[in-house]
Amino acid sequence: MLEGIVRESIGKSNAKKLKRDGYLIANIYAKGVDNIHAAFKQGDFIRTVRRKEKLAFPVKVGDKELEVVIQEYQLHPVTGDIQHVDLRVAIPGEVTDYLVPVKTVGTPKGLKNKGVLVITKRRLRVRGPIEKVPANFTLDVSDLDRDESILVRDIEVPEGCKMMDRPHVSVCGVIKSR
């Protein structure tokens, strides 16, 4: 379980001090839940997110234990380090929109025909209860030839969930290289 601290002061100087000490600034929120301004050790946060097996993962801030989902994050423009993260409390049974990551496996056969794999949507919006939302969508791109793509309507969604992105939008495809 990822453990964090509650920030007493939410000012800029306090945030700079925490970042200097290796902390990641976070906001935890949900409908009907009070906002929590928190900070996590950056290395611990990254390890927890990489090892998670479901979309939601547990955190402990102060005396509260919550299941949260990453809603949004901000990266440093030069170093690429995570600067800030918004975490949303996953309330069991409540139907909500979640952003589910897309992963690709395989090597497209269109790469041999002077093509390049382009991933246009890294996360897809899915509406449903957190128990039924998948941890990620794994797409097999090995059958894609040049000028072919996988659309949102081609992806299977678990029962009880609904895809909120437009069905004709491309998720990934192989295009002609220049």
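Rules of the game
Residues numbered from 1 in each chain as written. Predicted model: local features only at pLDDT ≥ 70, side-chain atom pairs only at ≥ 80, totals over all residues. Heavy atoms only, no water. Pairing = 2+ DSSP bridges. Helix = DSSP H or I, 4+ residues; strand = E, 2+ residues; numbered from the N terminus. Phe/Tyr/Trp six-rings, centres within 6.5 Å; stacked < 30°, edge-to-face > 60°. Lys NZ or Arg CZ within 6 Å of the ring centre and 35° of its normal.

A. Main features of the sheet that holds strand β7 (residues 96-105). With mixed pairing, four strands are arranged side by side in an open sheet as β10-β7-β9-β12. A single partner strand is all that each edge strand has here, and the edge strands are β10 (137-140) and β12 (162-163). Pairing of strand β9 (residues 123-128) with β12 involves two bridges; the strand directions are antiparallel. What sits directly across from V126, in β12, is M163.

B. Quick look at the packing of aromatic side chains. Scanning the model with the defined rule gives two aromatic pairs in all. On the basis of an interplanar angle of 70 degrees and a centroid distance of 6.3 Å, the ring pair of F45 and F57 is categorised as edge-to-face. Of this pair, F45 sits in helix α2 (residues 42-51) while F57 is found in strand β4 (residues 57-61), placing the two residues twelve residues apart along the sequence. Following the ring pairs from residue to residue traces out a cluster consisting of F40, F45 and F57. Positioned above the aromatic ring of Y98 is the side chain of R88, whose terminal nitrogen or guanidinium carbon lies 5.8 Å from the ring centre.

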